[in-house]
Amino acid sequence: YLSRKIQWTPTPDLVTSSSATGLCVGTVVAWIADTDMDSEGNPGFVCSRTGKPARLFHAIFDEFEQDFEEWELEECFLEEEEEEEEEEEEEEDSE
C-alpha cells in the first residue's frame, strides 16, 4: 500500500483552509504492522472493528495528515488510471 494514492473527504476540523474542503488526494507514506509492539509488549495498534492487532496506515495530504485502518484505506484507493492522471498533474504543477 505504500506510495499508493488515495482519495478522501476530511472532516472540517482537520483542515486549516477552505481549499481543502471536499475530496482530497493523498499518498500513503507509512504503516504500523499488526505484529508491532510498544515498549510494554502491547500491540502497536488495535482495530476498532475486531479488537485485534491490526495494520495502521499514515497518509499525507497537501494540508493535513491522517491515519487509516486497513479497511478504511481500502475504500479510498484511486484506480490505477486515476493514480496515473494524478501523478501527471503533480508533475505538470511542479514544472
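Residues numbered from 1 in each chain as written. Predicted model: local features only at pLDDT ≥ 70, side-chain atom pairs only at ≥ 80, totals over all residues. Heavy atoms only, no water.

Colleague: What am I meant to see in the packing of aromatic side chains here?
Modeller: Each aromatic ring pair is summarised here by two numbers: the centre-to-centre distance and the angle between the ring planes. By the definition in use, this model includes eight aromatic pairs. On the basis of an interplanar angle of 20° and a centroid distance of 6.3 Å, the ring pair of W31 and F57 is categorised as stacked. Of this pair, W31 sits in strand 2 (residues 24-32) while F57 sits in strand 3 (residues 56-60), and the two are 26 residues apart along the sequence. Residue classification places W31 among the partly exposed residues on the basis of a relative accessible area of 41%. A ring pair is formed by F61 and F68, whose centres lie 6.5 Å apart and whose planes are at 50°; its orientation type is tilted. Under the relative-accessibility criterion, F61 is labelled buried at 5%. F68 gets classed as buried once you look at its relative accessible area, which sits at 2%. An aromatic cluster is built from Y1, W31, F57 and F77, whose rings are joined through pairwise contacts. Just above the ring of F77 sits the side chain of R4; from NZ or CZ to the centre is 4.1 Å. The ring centre of W71 lies 3.5 Å from the NZ or CZ of R49, which sits over that ring. (Phe/Tyr/Trp six-rings, centres within 6.5 Å; stacked < 30°, edge-to-face > 60°. Helix = DSSP H or I, 4+ residues; strand = E, 2+ residues; numbered from the N terminus. Buried < 20%, exposed > 50% of the residue type's maximum accessible area, 1.4 Å probe, protein only. Lys NZ or Arg CZ within 6 Å of the ring centre and 35° of its normal.)

Colleague: Would you mind showing me how to read the sheet that holds strand 2 here?
Modeller: Note: strands within a sheet are paired through backbone hydrogen bonds, in either parallel or antiparallel orientation. Strand order in the open sheet made by the four strands is 1-2-3-4, with antiparallel pairing throughout. The open sheet terminates on both sides in strands that have one partner only, identified here as strand 1 (5-8) and strand 4 (65-69). Neighbour to neighbour, the strand axes of the sheet diverge by 45° on average, direction disregarded. As paired strands, strand 2 and strand 3 are joined by five bridges and run antiparallel to one another. Within the sheet, the bridge partner assigned to I32 lies in strand 3 and is L56. (Pairing = 2+ DSSP bridges. Axes fitted to C-alpha atoms, helices over the stretch in contact; angles between N-to-C directions.)

Colleague: Looking at this structure, I do not really get unusual backbone geometry. What am I missing?
Modeller: Excluding glycine, residues mostly carry a negative phi; peptide bonds, for their part, are mostly trans. For S3, which is not glycine, the phi torsion reads 75° and is therefore positive. Structurally, S3 can be placed in the segment before strand 1.

Colleague: What exactly am I supposed to notice about the confidence of the model for the chain here?
Modeller: Interpretation of this model should avoid reading the predicted coordinates in detail wherever pLDDT is low. When pLDDT is averaged along the chain, the result is 87, and 85% of the positions lie at 70 or above. Between the elements of the chain, mean pLDDT differs from a low of 70, seen in helix 2 (residues 80-94), to a high of 98, seen in strand 3. (pLDDT = per-residue confidence, 0-100.)

Colleague: Help me understand the nonpolar core, please; the structure alone is not making it clear to me.
Modeller: A general feature of soluble globular proteins is that nonpolar side chains tend to end up buried together. Grouped together as the largest cluster of nonpolar side chains are twelve residues: I6, W8, C24, V28, F57, A59, F61, F64, F68, L73, C76 and F77. Mapped onto this core, the elements with two or more residues apiece are strand 1, strand 2 and strand 3. (Core = buried A, V, L, I, M, F, W, Y, C linked by side-chain atoms within 4.5 Å.)

Colleague: Can you walk me through the pairing of strand 4 in this structure?
Modeller: Working note: regular strand, side chains alternate between the two faces of the sheet. Relative to strand 4, strand 3 runs antiparallel, the two being bridged by five bridges. The residue of strand 4 that forms the bridge with H58 is D67. Counting the residues in the hairpin turn of strand 3 and strand 4 gives four residues.

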